[in-house]
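Survey of secondary and tertiary structure
Next come the chains, spelled out residue by residue.
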Amino acid sequence: MNRPERPNRFEVHDADALSTARALIEACADAREMGQKVQEAVARNAAWRGEECINLLAPEAPTSPSVRALLAAEIGTRAAEGHIGKVNRWFAGTRHIDEVEALCVELLKKHFRCSYADHRLCASMIGNAVVYTALSAPGDVIMSAAQPVGGHSSNRIDGPAGAMGRRIVDIPFDAQELVVDIDLFRKMAPLVQPRLVALGLSMTLFPQPLSEMKEAIQPWGGRLFFDAAHQLGLIGGRQFQDPLNEGADIVTGSAGKTFSGPQSGIIIWDDPEITEAVTTAIFPVWAATHQVNRVAALALATAEALAFGEQLQAQIVANAKALAGHLHERGVPILGAHKGFTTTHQAIADVTRFGRGLKVAQTLERAHIIVNKNLLPSDRKQDWDYPGGLRIGTIEVTRYGMKEAEMAKIAEMIARVVVGGETPERVRPEAVALRRSFPTLYYCFENGSPSP
Ligand SMILES: *Cc1c(COP(=O)(O)O)cnc(C)c1O
């Protein structure tokens, strides 16, 4: 029986991209060839993004060859769910999986200097859902940061927080200083008495007043949740404020951003009182089989971070400051100039006068320089698809051994295109040459650190 045609059905994906894929599949002689089409697209990406681009995406990090190898390990075909230990598992045969997972947990606790850590979340966003489940209830008022000042959808009405029925009040933000407006927060918080304050910033340049925020919500037992998706590696490598020591009750983070491990989520906390609520929200609420290959890769990446983290993260920040400074000097305005531009792995450029973020990012892509369009605090709701900013990050270039001198070269290439109006295709060979002259991934056991 034929299913009825639905010609006007809603489709979220780009219609051209899907119809190109359909045509490709239909032109194949058999399913084997269809599989080859997938492998070929993956190879094209590896050649282009892996070898010919200056990747400056702030949430992106390459993993070491051994971490990447573990992602394809046999252990990734095994099923494990539940907590570590013979009685806790549903499936038999998990003896060595228990070893790997226990190593991962203990390595995370050691690196992040905390009492508890969890490794089972396939994404940081799911970690945030865990926190909402454990520390708040449907109908509760929570406070979180709005997207134009750097907030992330996971803590907003259009993400898990909203879908789970939390009522959201904005954390007041000082758009000039790019930090929480603590005076206003002290006035607002008692009026709404949030059960949970969720501070998560995808645009993150400066430390936030966490201890002051915790103090302000203490009277009614409000909990402070720091969503460190971006800053996780900086925190582990002691190059950012340490949220658990400054009043945060719980911290989540992405393992694939500054932490430079396999993409996934981590949760760390110290308070034994919240442990039962948090761990039962992890399993059985938000995790079941949890990709043990990824857990193994995470454990190895954590060992790398113990060995190289401080050095790597310090260079990431030094490179971000250098890149920001050179761009600003060359006429690309960078936010936070009066505060030294940044204390993290990111710089935010205001490109409103150069055609706005989407157009500039697409133009730079033609030069093989990859950045993302980004909201600015001054952007309005109707600007969201065409925001005024660019976000530029230094994780990958740093892992390939680039330092301040290379940041000057990258800034020059960007400025020639953005400010000077040079055709990106003319800059491209220089970008490719620079990328090719740094072929080795550092800050890992096989290759060590780059020479000073
Ligand atoms: C990236 C990000 C997340 C989501 O992390 P994933 O690992 O991609 O799920 C959550 N919060 C903030 C602030 C982020 O920047």
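If you're wondering where the values come from, they're calculated on a predicted model, not measured in any experiment. (Residues numbered from 1 in each chain as written. Predicted model: local features only at pLDDT ≥ 70, side-chain atom pairs only at ≥ 80, totals over all residues. Heavy atoms only, no water.)

**Some details on the overall build of the protein chain**
Looking only at helices and strands, the protein chain has 15 helices and 14 strands in total. Computed over C-alpha atoms, the radius of gyration of the protein chain comes to 23 Å, within 12% of the 22 Å expected from 2.2 N^0.38 for 452 residues, which places it in the range of a compact globule. Seen along its three principal axes, the alpha-carbon backbone of the protein chain occupies a region of about 60 × 60 × 60 Å. Here the protein chain holds 452 residues, and the buried ones make up 53% of them. Contacts in the protein chain between residues at least 24 apart in sequence constitute 73% of all its contacts with a sequence separation of at least 6. Taken together, the 47 basic and 51 acidic charged side chains of the protein chain have centroids lying 2 Å from each other. (Helix = DSSP H or I, 4+ residues; strand = E, 2+ residues; numbered from the N terminus. Rg over C-alpha atoms; globule rule 2.2 N^0.38 Å. Buried < 20%, exposed > 50% of the residue type's maximum accessible area, 1.4 Å probe, protein only. Contact = heavy atoms within 4.5 Å. Lys, Arg positive; Asp, Glu negative; His and termini not counted. Charge placed at Lys NZ, Arg CZ, Asp CG, Glu CD.)

**So, the pattern of salt bridges**
Within this structure, the stated rule accounts for 26 salt bridges. The shortest N-O distance in the salt bridge between D98 and R89 comes to 2.8 Å. Residues D98 and R89 agree in their burial class; the two are buried. The partner of D271 in a salt bridge is R223, and the shortest N-O contact between them spans 3.1 Å. (Salt bridge = Lys/Arg side-chain N within 4 Å of Asp/Glu carboxyl O.)

**Regarding helix α10 (residues 275-286)**
Given a rise of 1.5 Å per residue, 12 residues ought to cover 16 Å, and the 15 Å separating the end C-alpha atoms of α10 matches this to within 8%. For α10, every residue scored as buried is listed here: T275, V278, T279, A281 and I282. Each buried residue of α10 sits inside an arc of 150° when the element is viewed along its axis, so together they form one side. Turned more than 90 degrees from where α10 packs its buried face, E276 and P284 sit exposed. Of the surrounding secondary structure, the elements contacted by the buried residues of α10 are β2 (116-121), α5 (124-135), β9 (250-254) and β10 (265-269). (Expected span 1.5 Å × (residues − 1). Arc of directions from axis to C-beta.)

**Structural notes on the packing of helix α11 (residues 292-329) against helix α14 (residues 404-418)**
Each packed pair of helices is defined by two parameters, the angle between the axes and the distance between the axes. Two numbers describe how α11 lies on α14: the axes approach to 8 Å, and their chain directions differ by 35°. Crossing geometry of α11 relative to α14 is assigned as right-handed. Residues Q315, A318, N319, A322, L323, H326 and L327 of α11 form the contact with α14, whose participating residues are E404, M407, A408, I410, A411 and I414. Residues of the contact of α11 with α14, tallied by class, amount to 9 nonpolar, 3 polar and 1 charged. (Axes fitted to C-alpha atoms, helices over the stretch in contact; angles between N-to-C directions. Left-handed = near helix turned anticlockwise from the far one by under 90°. Nonpolar A, V, L, I, M, F, W, Y, C, P; charged D, E, K, R; others polar.)

**Details of the sheet that holds strand β13 (residues 372-374)**
An order of β11-β14-β13 is seen for the 3 strands of this open sheet, with the pairing classed as antiparallel. Since the sheet does not close on itself, it has two edges, and those belong to β11 (346-350) and β13, each with one partner. Ignoring which end each strand starts from, the neighbouring axes of this sheet average 35° apart. With 5 bridges connecting them, β11 and strand β14 (residues 389-393) associate as antiparallel partners. (Pairing = 2+ DSSP bridges.)

**Quick notes on the sheet that holds β9**
Strands sit in the order β2-β10-β9-β8-β7-β3-β4 across an open sheet of 7 strands; the sheet is mixed. Lying at the two open borders of the sheet, with one neighbouring strand each, are β2 and β4 (167-170). In this sheet, adjacent strand axes meet at a mean angle of 20° when their direction is disregarded. As judged from the 4 bridges shared by strand β3 (residues 141-144) and β4, these two strands associate in the parallel manner. Its bridge partner lying in β4, M143 is registered against V169.

**Observations regarding the nonpolar core**
Judged by nonpolar contacts, the single largest core of 43 residues is most densely connected at F185, L199, M213, F226 and F259. At the level of secondary structure, the elements contributing two or more residues to this core comprise α4 (95-112), α7 (182-192), β7 (196-200), α8 (210-217), β8 (223-227), α9 (232-236), β10 and α11. Broken down by element, the residue count for this core peaks at 7 residues, all from α11. If we ignore the near neighbours within four places in the chain, the residues touching L199 are A145, I171, V180, Q208, L210, M213, F225, F226 and D227. (Core = buried A, V, L, I, M, F, W, Y, C linked by side-chain atoms within 4.5 Å.)

**Re the domain arrangement of the protein chain**
Structurally, the protein chain comprises domain 1 (65-302) and domain 2 (307-436). The gap between the C-alpha centroids of domain 1 and domain 2 is 27 Å. Counting residues at the interface gives 24 residues for domain 1 and 26 residues for domain 2. Taking both sides of the interface into account, the surface hidden between domain 1 and domain 2 amounts to around 2,200 Å²; carbon and sulfur atoms contribute 61%. For the domain 1 face of the interface with domain 2, the top three residues by lost area are P148, L205 and F206, together amounting to 26%. Counting every contact that joins domain 1 to domain 2 gives 2 salt bridges. Among the ionic pairs, E310 bridges to R238, the shortest N-O distance being 3.0 Å. Inspection of the region where domain 1 meets domain 2 yields 13 residue pairs in polar contact (both at pLDDT 80 or more). For the side of domain 1 that touches domain 2, the per-class residue count stands at 11 nonpolar, 10 polar and 3 charged. (Domains from an automatic or database assignment. Buried area = accessible area lost by both parts, 1.4 Å probe. Polar contact = N/O pair within 3.5 Å; in protein donor to acceptor, adjacent residues only side chain to side chain.)

**Here's the deal with the side chain of T398**
Here T398 is to be found in helix α13 (residues 395-399). Among the polar contacts made by the side chain of T398, one reaches the side chain of N319 at a distance of 3.0 Å. Ignoring any residue separated from it by four or fewer positions in sequence, one finds T398 in contact with L312, Q315, I316, N319 and Y443.

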